[in-house]
Amino acid sequence: MSNGEQALRSASITGAVVVAATVIVHLWDPNQSGSYGSCPLRLMTGWVCPLCGGLRSVHAMTYGQWEVAWGLNPMVVAVAPLVIAGLLAWLWRARRGHATAFLERLPIFVALISAMLLFGILRNLPALEPYLARLT
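My aim in this report is to walk through the structure given alongside it, one point at a time. (Residues numbered from 1 in each chain as written. Predicted model: local features only at pLDDT ≥ 70, side-chain atom pairs only at ≥ 80, totals over all residues. Heavy atoms only, no water.)

1. Focus: the overall build of the chain
Phase 1 of the analysis: If you tally the helices and strands in the chain, you get 7 helices and 0 strands.
Phase 2 of the analysis: Ordered by position from N to C terminus, the α and β elements of the chain give α-α-α-α-α-α-α.
Phase 3 of the analysis: Considering only intrachain contacts with a sequence separation of at least 6, the fraction spanning at least 24 residues in the chain is 57%.
Phase 4 of the analysis: Surface exposure of the chain reaches about 9,100 Å², of which carbon and sulfur atoms provide 70%.
Phase 5 of the analysis: Side-chain charges of the chain comprise 9 positive and 5 negative groups, with the mean position of each set lying 5 Å from the other. (Helix = DSSP H or I, 4+ residues; strand = E, 2+ residues; numbered from the N terminus. Contact = heavy atoms within 4.5 Å. Areas by Shrake-Rupley, 256 points an atom, 1.4 Å probe, with all protein chains shown as cover. Lys, Arg positive; Asp, Glu negative; His and termini not counted. Charge placed at Lys NZ, Arg CZ, Asp CG, Glu CD.)

What follows is the structure in structure tokens.
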């Protein structure tokens with residue numbers, strides 16, 4: 001298998017997993033208590049983690065409920081188009097035979113993780129909670 005074929009296979013499998021996960025969250029309502037489990041950080045500390053409300057936010061987005069999705073987790077709503085664009089770019093490059101090395105994208109991952117950590121801190125500040133964790 002050539003590098004281009006391997007890149008296309010990796011991108012296709014990743015895209016399929018993202019689509020399948022989104023379909024599962026659309027069909028299996030995370031608003032039902034205990035349907036996906038609970039956030040361990042929230043259970044132990046009471047703090048809202050950067051991903052709290054994320055599944056419910058994706059569920060709301062799949063039904064076109066953008067205001068609800070934003071109220072549950074604005075970071076997920078903001079990052080979702082970037083994830084879709086990144087996957088499509090990866091597929092496009094792979095289809096053209098260009099392999100993408102992980103280290104080429106490392107700054108993007110570092111920036112995303114840093115933004116999530118900052119978001120996690122900010123959404124637990126009492127002054128910002130009404131804006132960043134309104135429905136969570």
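Now that the structure has been shown, we can carry on.
2. Let's talk about the side chain of Ser35
Phase 1 of the analysis: In this fold, Ser35 is placed in the loop between helix H1 (3-27) and helix H2 (40-45).
Phase 2 of the analysis: Accessibility expressed as a relative area gives 13% for Ser35, which makes it buried.
Phase 3 of the analysis: Within the structure, the side chain of Ser35 is placed 2.9 Å from the backbone oxygen of Gln32, a separation counted as a polar contact. (Buried < 20%, exposed > 50% of the residue type's maximum accessible area, 1.4 Å probe, protein only. Polar contact = N/O pair within 3.5 Å; in protein donor to acceptor, adjacent residues only side chain to side chain.)

3. A word on a nonpolar patch on the surface
Phase 1 of the analysis: A cluster of nonpolar side chains, namely Val19, Val23 and Leu27, defines an oily patch on the protein surface of about 300 Å² accessible area.
Phase 2 of the analysis: Relative to the elements of secondary structure, Val23 occurs in helix H1. (Patch = residues over 30% accessible without salt bridge, like charges linked within 9 Å, V, L, I, M, F, W, Y side chains within 5 Å. Salt bridge = Lys/Arg side-chain N within 4 Å of Asp/Glu carboxyl O.)

4. A look at the environment of Ala99
Phase 1 of the analysis: By the element assignment, Ala99 lies in the loop between helix H5 (74-95) and helix H6 (106-122).
Phase 2 of the analysis: A relative accessible area of 41% places Ala99 in the partly exposed class.
Phase 3 of the analysis: With near-sequence residues (within four places) excluded, Ala99 lies in contact with Asn3, Ala7 and Arg93.

5. Topic: H1
Phase 1 of the analysis: Taking 1.5 Å as the rise per residue, H1 with 25 residues should run 36 Å; its terminal C-alpha atoms sit 36 Å apart, in good agreement.
Phase 2 of the analysis: Close packing links the buried residues of H1 with helix H3 (54-62) and H5. (Expected span 1.5 Å × (residues − 1).)

6. Quick look at the side chain of Asn73
Phase 1 of the analysis: For Asn73, the position within the fold is in the loop between helix H4 (66-72) and H5.
Phase 2 of the analysis: A polar contact is formed between the side chain of Asn73 and the backbone nitrogen of Met75, at a distance of 3.0 Å.
Phase 3 of the analysis: Apart from the residues lying within four places of it in its own chain, the contact partners of Asn73 are Pro50, Leu51, Cys52, Gly53, Gly54, Ser57, Phe119 and Arg123.

7. Quick notes on the packing of aromatic side chains
Phase 1 of the analysis: For the structure shown, the criterion picks out 1 aromatic pair.
Phase 2 of the analysis: Pairing Trp28 with Tyr36 gives two aromatic rings, centres 4.8 Å apart and planes at 40°, and the pair type is tilted.
Phase 3 of the analysis: For Trp28, a relative accessible area of 44% gives the class partly exposed. (Phe/Tyr/Trp six-rings, centres within 6.5 Å; stacked < 30°, edge-to-face > 60°.)

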